[in-house]
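Below are the chains, spelled out letter by letter.
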Amino acid sequence: KLANRYFSPDEIERINKEEDKNGMFTRIWAAKESFIKALGVTLSHSLREAALSFENENNISCRGYRIYSQIISDYIFCCCPLTEEECEIEIKEMLK
């Protein structure tokens, strides 16, 4: 199972508590990917060590960095700024 390989025990517990387990798995994966890309390292960087902390459904943190997450339609958008600036995710138009 991918979650057991790449997610922390707290993240796995969070997935198991959700009714939509696939949705929570995808949200955690997208947030981790956003964090790792912000650092400029590859996905082979230890995803398990990049343990997430959920402040609420849209504000997630990892190692002191905020990860903003938003679901629009069936898409999950995550943004991990490396500065204290706010990151606002705004989708003006989706591809048709």
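Because the structure is predicted, anything quoted here is derived from the model rather than measured.

### Brief notes about the pairing of strand 3 (residues 65–72)
Where a strand is regular, its side chains alternate between the two sheet faces. Direction of pairing for strand 2 (residues 59–62) relative to strand 3: antiparallel, over a ladder of 4 bridges. Among the inter-strand pairings, Ile60 is bridged to a residue of strand 3, identified as Ile67. A loop of 2 residues connects strand 2 with strand 3, the two strands running antiparallel in sequence, and Arg63 in this loop sits at a positive phi of about 55°. In sequence, strand 3 turns back onto strand 4 (residues 75–79) through a hairpin of 2 residues, with Ser73 there showing a positive phi of about 60°.

### A closer look at the nonpolar core
Counting 17 residues, the largest nonpolar core has Ile28, Phe35, Leu52 and Ile67 as its most contacted members. Sorting the residues of this core by element identifies helix 2 (9–17), helix 3 (21–39) and strand 2 as the ones contributing at least two each. Among the elements that make up this core, the one with the highest residue count is helix 3 (5 residues). Aside from chain neighbours lying at most four places away, what touches Ile67 is Ala31, Ser34, Phe35, Leu52, Asn58, Asn59, Ile60, Ser61, Cys62, Cys78, Cys79 and Cys80.

### Description of the confidence of the model for the protein
Within the protein, residue pLDDT values average 82, and 83% of them lie at 70 or more. Within the protein, the lowest mean pLDDT, 85, falls on helix 1 (residues 2–6), and the highest, 92, falls on helix 2.

### Comments concerning the sheet that holds strand 2
Spatially, the 4 strands line up as an open sheet ordered 1-2-3-4, and their pairing is antiparallel. Bordering the open sheet on either side are strand 1 (53–54) and strand 4, each of which pairs with just one other strand.

### What to know about the pattern of salt bridges
According to the stated counting rule, one finds 3 salt bridges in the structure shown. In this structure, Glu11 engages Lys32 in a salt bridge whose closest nitrogen and oxygen atoms are separated by 3.1 Å. Of this pair, Glu11 sits in helix 2 while Lys32 is found in helix 3, placing the two residues 21 residues apart along the sequence. In this pair, the class of Glu11 matches that of Lys32, namely buried. The salt bridge partner of Lys17 is Glu13, with a shortest N-O separation of 3.2 Å. Placement of the pair is Lys17 and Glu13 together in helix 2, with a separation of 4 residues, close to one helical turn. With relative accessibility at 41%, the residue Glu13 sits in the partly exposed group.

### Here's the deal with unusual backbone geometry
At Arg63, a residue that is not glycine, the phi angle is positive and equals roughly 55°. Summarising the element assignment, Arg63 is placed in the loop between strand 2 and strand 3. Phi at Ser73 takes a positive value of approximately 60°, unusual for a residue other than glycine.

About the thresholds
Position labels on residues start from 1 in each chain and follow its written sequence. Predicted model: local features are reported for residues with pLDDT of at least 70 only, side-chain atom pairs are reported and counted for 80 or more only, and whole-chain, interface and lining totals are derived from all residues. With hydrogens and water set aside, each side-chain value is computed from the structure's full complement of heavy atoms. Think of it this way: DSSP has to see at least two bridges between two strands before they count as a pair. The way it works is that DSSP assigns letters per residue, a run of H or I at least four long becomes a helix, a run of E at least two long becomes a strand, and they are numbered from the N terminus. For this analysis, a nonpolar core means a set of buried residues of the types Ala, Val, Leu, Ile, Met, Phe, Trp, Tyr and Cys, connected via side-chain atoms within 4.5 Å. Categorising residues by exposure relies on relative accessible area from a 1.4 Å probe, with only protein chains included: less than 20% of the type maximum marks a residue as buried, more than 50% marks it as exposed, and the intermediate range marks it as partly exposed. Working rule for contacts: check all heavy atoms of both residues, and any pair within 4.5 Å makes them a contact. For every residue, the predictor reports its confidence as pLDDT, a number between 0 and 100. The salt bridge criterion pairs a side-chain nitrogen of Lys or Arg with a carboxyl oxygen of Asp or Glu, the two atoms within 4 Å.

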